[in-house]
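If you want the building blocks of each chain, they are given just below.
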Amino acid sequence: MGLVQAIHKLGKWLDKLGEYLCLVMLFAMVVITGAQIICRVFFEALSWSEELSRYLLVWSSIIGAACVYRRAGHINVSIIQDLLPGKGKEVMKIIVHVLCGIFFAMMIYFGAIYMGKMANQLSPAMRLPMSIMYASIPVGGVLLLYQAIDGILALLFDKEEPETEVKEAEQA
């Protein structure tokens with residue numbers, strides 16, 4: 001049980017870090033876009049602002065997806081799950097986490113391959129390696145897979161599922 005608790009604790013920490021990073025990136029996008037507007041109106045347009053904002057949006061979206069997955073905040077169709085009795089719901093939740101985990105593992109594998117293919121390409125305005133941009137796919141896959149594993153372990157060891165404790169905290 002100590003390992004399960006350690007995995008859950010790390011999952012919580014990754015979630016908090018993800019929240020913080022998303023907040024910082026969204027704030028940076030607002031500042032960069034605001035600076036671009038001011039510079040375009042009064043001075044000369046910034047050549048790099050749109051590109052950087054786009055990259056920050058992609059990274060914040062993929063990191064945010066892991067945070068939302070932990071809270072079961074993604075849109076889902078739960079009609080079959082809702083029809084099942086108590087243990088059936090638990091089994092269905094585990095099956096969903098496993099299927100998502102398989103998808104996330106594929107995301108890591110193929111994202112890493114694609115990232116490697118883009119290593120020699122540079123971004124147009126900032127001249128950064130495009131592998132930095134495409135690294136968001138495998139990194140996001142790792143974060144999502146970790147949260148899926150945490151959810152499975154929570155269900156298997158009769159502990160509250162990560163999203164359940166968040167929902168209860170929000171209701172209090």
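Re the packing of aromatic side chains
Per the counting criterion, the structure on display carries 4 aromatic pairs. Taking the centre distance of 4.9 Å and the plane angle of 85° together, the rings of Tyr-114 and Tyr-134 count as edge-to-face. With Tyr-114 in helix H4 (residues 86-117) and Tyr-134 in helix H5 (residues 130-134), this pair connects stretches of sequence that are 20 residues apart. Residue Tyr-114 is classed as partly exposed on the basis of its relative accessible area of 37%. The structure contains a cluster of three or more aromatic residues connected by ring pairs, namely Tyr-69, Phe-103 and Phe-104.

A closer look at the side chain of Ser-123
Here Ser-123 lies in the loop between H4 and H5. For Ser-123, the side chain forms a polar contact with the main-chain nitrogen of Arg-127, separated by 3.1 Å. Excluding residues that lie within four positions of it along the chain, Ser-123 makes contacts with Glu-51, Tyr-55, Leu-128 and Met-130.

With respect to the packing of helix H2 (residues 49-70) against helix H6 (residues 136-156)
Interaxial distance between H2 and H6 falls to 9 Å at its minimum, and their mutual angle equals 5°. Accordingly, the angle class assigned to the pair H2 and H6 is roughly parallel. In contact with Val-58, Trp-59, Ile-62, Ile-63, Ala-65, Ala-66, Tyr-69 and Arg-70 of H2, H6 contributes Ser-136, Val-139, Gly-140, Leu-143, Leu-144, Gln-147, Ala-148 and Asp-150.

Quick word on unusual backbone geometry
Of note in the backbone geometry, Arg-127 takes a positive phi value of approximately 60° without being a glycine. Looking at the element boundaries, Arg-127 is found in the loop between H4 and H5.

Quick word on H4
Structural remark: α-helix, 3.6 residues per turn; residues separated by three or four positions point the same way. With 32 residues, H4 extends 47 Å between its outermost C-alpha atoms, agreeing within 8% with the 46 Å of an ideal straight helix rising 1.5 Å per residue. Those residues of H4 that sit buried are Ile-94, His-97, Gly-101, Phe-104, Met-107 and Gly-111. Elements in contact with the buried residues of H4: H2, H5 and H6.

Definitions and limits used
In this numbering scheme, every chain counts its residues from 1 along its sequence in written order. Residue-level local features of this predicted model are given only where pLDDT is at least 70; pairs of side-chain atoms are given and counted only at 80 or more, and the full residue set underlies all totals for whole chains, interfaces and linings. By convention in this description, side-chain values take in all heavy atoms of the structure and omit both hydrogens and water. Classification of ring pairs uses Phe, Tyr and Trp, with its six-membered ring standing for Trp, and accepts pairs whose centres are within 6.5 Å; under 30 degrees between planes counts as stacked, over 60 as edge-to-face, and the remaining range as tilted. Strands are runs of DSSP state E lasting at least two residues, helices are runs of H or I lasting at least four, and both sets are numbered from the N terminus onward. Under the scheme applied here, a residue whose accessible area is under 20% of the maximum for its type counts as buried, over 50% as exposed, and between as partly exposed, the area being computed with a 1.4 Å probe on protein chains only. Two N or O atoms form a polar contact when they lie within 3.5 Å of each other; inside protein one atom must be a possible hydrogen donor and the other a possible acceptor, and for residues adjacent in sequence the pair counts only when both atoms belong to side chains. Contact between two residues is taken to exist if any of their heavy atoms lie within 4.5 Å; hydrogens are not considered. Axis definition: a line fitted to C-alpha atoms, over the contacting stretch in the case of helices. Angles run 0 to 180 degrees between N-to-C directions. Each angle is binned into one of four classes, with values under 35 degrees roughly parallel, values over 145 roughly antiparallel, values of 65 to 115 roughly perpendicular, and all other values oblique. The length a helix should cover is 1.5 Å for every residue beyond the first.

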